[in-house]
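# Coordinate inspection notes
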Amino acid sequence: MRTVRRSALIDRPIPEPSALPRRAPLPAHHPDPVLDVVVPVYNEEHDLEPCVRRLHAHLGETFPYAFRITIADNASTDGTSRIAAQLAAELPGTDFIRLAEKGRGRALHAAWSRSRAPVLAYLDVDLSTDLAALLPLVAPLISGHSDIAIGTRLARGSRVVRGPKREIISRCYNGLLRGTLAVGFSDAQCGFKAVRRDVAERLLPLVEDREWFFDTELLVIAERAGLRIHEVPVDWVDDPDSRVRIVSTALADLRGMARLGRALACGRLPLSALRRSGGDIDGELPAGLARQAVRFAAVGAASTLCYLLLYTVLRPATGAQAANALALLASAIANTAANRRLTFGVRGRGGALRHHLKGLAAFLIGLVLTSGSLAALHHTAPGTGHRVELLTLIAANLAATLLRFLLFRAWVFPARRTTGTTAP
């Protein structure tokens, strides 16, 4: 089996994962636990028991399959382990593991690696997220629709109660992710996630972080590999007794982003091996870049025809430069609207104004290229005929179109997730 190196700083090779099979729904009568919910804990002797009892009761009343709850104690020094062992002995379908080292990512990695349930999930012990979202979270994984599901506090429909400090930090972090790693998912930090086991088996060896950046790293790798991430708006109430050390966690996250960005830029992660195979619809479609390029070209061809028609109609009355600017502006607005829906799959009005403003910025670049080409033509060959003008503008528009596509993909509509939820 071929191996891939993480980076020059990491000696340990990463085994290249095997291709993922086609997604399929789980059978209605599954003999073993379908869902394994991991609750990672560290010194939670006061919150652990009410959390697990409430979770167990909720699953027993609402979840239609057999389930397991795994308490993952990562090096607690209080009575957490004793309480966890008591709960595992008393509540059916409850398990307990203890790790010698701290780290939420370490606890999830260990618990998910040993589980045989086809759907793996986790939630924070404070139960900040309303458990009513748990079934909607795992349903797309059970049905075979999606590979990963995450709760989001930053989408329409979410109801969040937290202080301004945590709100600002969360939005800045997710905004930084979108700006640096061009992610499409809206909320990387919500402690409410699920993944299909066949996906986890291939992703976990690629995820290096064992602390708080674990979630983000797993999601970024999954999205870059073309896996489907489903988002569920959640009701979420901030825990005032949170143990997260904001400054040290933020610095570790920044280091994680830099490390992951380098790995992605250098092609050190075997992303192509994670794509679905065996006839899955995602595997039958062209890669995201190729599919977007084809659709962008089709929209661009229609826009160019509209542009040339408008230019021809306006030219006698306004002159060449004004006709070019007006025709390009009208076609650019229509082009952005068409690409928003057809090429990049954006639905609804959310972010429409921002997208059009960025599209107009791309239009200005096209205007500079085409107007500059027209001015250069008139300067070097005064009295040039209408046909030569059109040919010059077509060539300039082709160059502007290529540049606009790159701007649209990387800046205007960066790496969107494939879900029914629209980010704010």
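Described below are features of the structure shown in this document. Since the structure is predicted, the reported quantities are computational estimates derived from the model, not experimental observations.

Here is what the cut-offs are and how they apply
Residues numbered from 1 in each chain as written. Predicted model: local features only at pLDDT ≥ 70, side-chain atom pairs only at ≥ 80, totals over all residues. Heavy atoms only, no water. Helix = DSSP H or I, 4+ residues; strand = E, 2+ residues; numbered from the N terminus. Polar contact = N/O pair within 3.5 Å; in protein donor to acceptor, adjacent residues only side chain to side chain. Buried < 20%, exposed > 50% of the residue type's maximum accessible area, 1.4 Å probe, protein only. Arc of directions from axis to C-beta. Contact = heavy atoms within 4.5 Å. 1 Å grid on protein atoms, 1.4 Å probe; cavity = no way out; pocket = protein on both sides within 12 Å on 5 of 7 lines; lining within 4 Å. Points joined across faces, edges and corners; volume = space filled by probe spheres on them. Nonpolar A, V, L, I, M, F, W, Y, C, P; charged D, E, K, R; others polar. Phe/Tyr/Trp six-rings, centres within 6.5 Å; stacked < 30°, edge-to-face > 60°. Lys NZ or Arg CZ within 6 Å of the ring centre and 35° of its normal.

## Considerations on the side chain of Ser186
- Relative to the helices and strands, Ser186 resides in the loop between α5 (164-181) and β9 (192-196).
- A distance of 2.6 Å separates a polar atom in the side chain of Ser186 from a polar atom in the side chain of Thr152.

## Digging into helix α2 (residues 80-90)
- Among the residues of α2, those classed as buried are Thr80, Ser81, Ile83, Ala84 and Leu87. Buried residues of α2, seen end-on, are gathered within an arc of 160° and therefore sit on one face of the element.
- Considering only its buried residues, α2 is in contact with β3 (35-41), α1 (48-62), β4 (67-74) and β5 (94-99).

## Let's talk about empty space enclosed by the protein
- Under the defined criterion, the tally for this structure stands at three cavities of 30 Å³ or more.
- Considering only enclosed or pocket space, the largest cavity measures out at about 130 Å³ in volume.
- Ser303, Leu328, Ser331, Ala332 and Arg404 are the residues nearest the centre of the largest cavity, which is lined by 15 residues in total.
- If you list the elements that add at least two residues to the lining of the largest cavity, you get α10 (288-318), α11 (320-343), α12 (352-380) and α13 (386-412).
- The element best represented in the lining of the largest cavity is α11, accounting for five residues.
- Residue composition of the lining of the largest cavity, grouped by class: five nonpolar, nine polar and one charged.

## Re the packing of aromatic side chains
- Under the definition given, this model contains six aromatic pairs.
- Between Trp112 and Phe214, the ring centres sit 6.3 Å apart and the planes meet at 55°, which makes this aromatic pair tilted. With Trp112 in helix α3 (residues 104-114) and Phe214 in helix α7 (residues 214-224), this pair connects stretches of sequence that are 102 residues apart. For the pair shown, Trp112 and Phe214 are each scored as buried.
- Between the aromatic rings of Phe296 and Phe405, the centroid separation amounts to 4.9 Å while the plane-to-plane angle is 55°, which identifies the pairing as tilted. With Phe296 in helix α10 and Phe405 in helix α13, this pair connects stretches of sequence that are 109 residues apart. In this pair, the class of Phe296 matches that of Phe405, namely buried.
- Members of the aromatic cluster, each reached through a chain of ring pairs, are Trp112, Tyr122 and Phe214.
- The positively charged end of Lys102 is found above the aromatic ring belonging to Tyr42, 4.3 Å away from the centroid.

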